[in-house]
Amino acid sequence: MIGLGRIGFQYDQSRTLGSSHVGAYLAHPNIDTVVGVDVDNGKLEELARWDRDLKPQFMEGGIHKKKIFVDSDYVDAIKTYKPQIVSVCVPTSVHKQVM
């Protein structure tokens with residue numbers, strides 16, 4: 001998840017899980033890891049805090065079924081986590097730069 005603004009992550013903070021890309025991925029039964037990337041450390045901290053608060057919702061048999069990681073550099077995150085899906089949730093004017 002590149003970009004943790006409204007559509008990337010923040011809609012889920014005030015609505016039901018699945019209103020943003022992060023929430024939709026977490027709600028999907030076949031996705032077990034979400035990596036949030038943003039240059040704003042405050043947004044990264046928010047997602048990490050949100051993950052701690054949601055852990056009980058994603059527990060199964062005492063095992064946490066969903067993992068959330070945060071990173072401030074999308075190139076490093078892609079190299080490190082090797083995602084199968086990448087959502088670019090940054091302003092349209094920045095899409096080309098990210099791609």
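Starting afresh in each chain, residues are numbered from 1 along the sequence in its written order. Only residues with pLDDT of at least 70 get local features here, since the model is predicted, and only at 80 or more are side-chain atom pairs given and counted; chain-wide, interface and lining totals rely on the full set of residues. Excluded from the side-chain calculations are hydrogens and water; all other atoms, namely the structure's heavy atoms, are used.

Focus on helix α3 (residues 41-54)
Over its 14 residues, α3 runs 20 Å from end to end, which matches the ideal 20 Å to within 8%, given 1.5 Å per residue. Buried residues of α3: L44, L47, W50, D51 and L54, and no others. Buried positions in α3, seen along its axis, are confined to an arc of 125 degrees and lie on one side of it. The exposed set on the far side of α3, more than 90 degrees from its buried face, consists of R52 and D53. A run of H or I in DSSP becomes a helix once it reaches four residues, and a run of E becomes a strand once it reaches two; helices and strands are each numbered from the N terminus. Residue count minus one, scaled by 1.5 Å, sets the expected span of a helix. Any residue under 20% of the maximum accessible area for its type is buried, any over 50% is exposed, and the rest in between are partly exposed; the area is computed with a 1.4 Å probe on protein chains only. Think of it as the arc spanned by the lines of direction from the helix axis to the C-beta atoms.

Regarding the nonpolar core
For the purposes of this section, nonpolar cores are sets of buried Ala, Val, Leu, Ile, Met, Phe, Trp, Tyr and Cys residues that join through side-chain atoms within 4.5 Å. Ranked by internal contacts, the top residues of the largest apolar core, which has 14 residues, are L4, V22, L26, L47 and W50. Looking at this core, the elements with two or more residues in it are α2 (21-27) and α3. In what follows, residue pairs with any heavy atoms lying within 4.5 Å of each other are defined as contacts. Contacts of V22, omitting those with residues within four sequence positions, involve M1, L4, G8, F9, D12, V34, L47 and W50.

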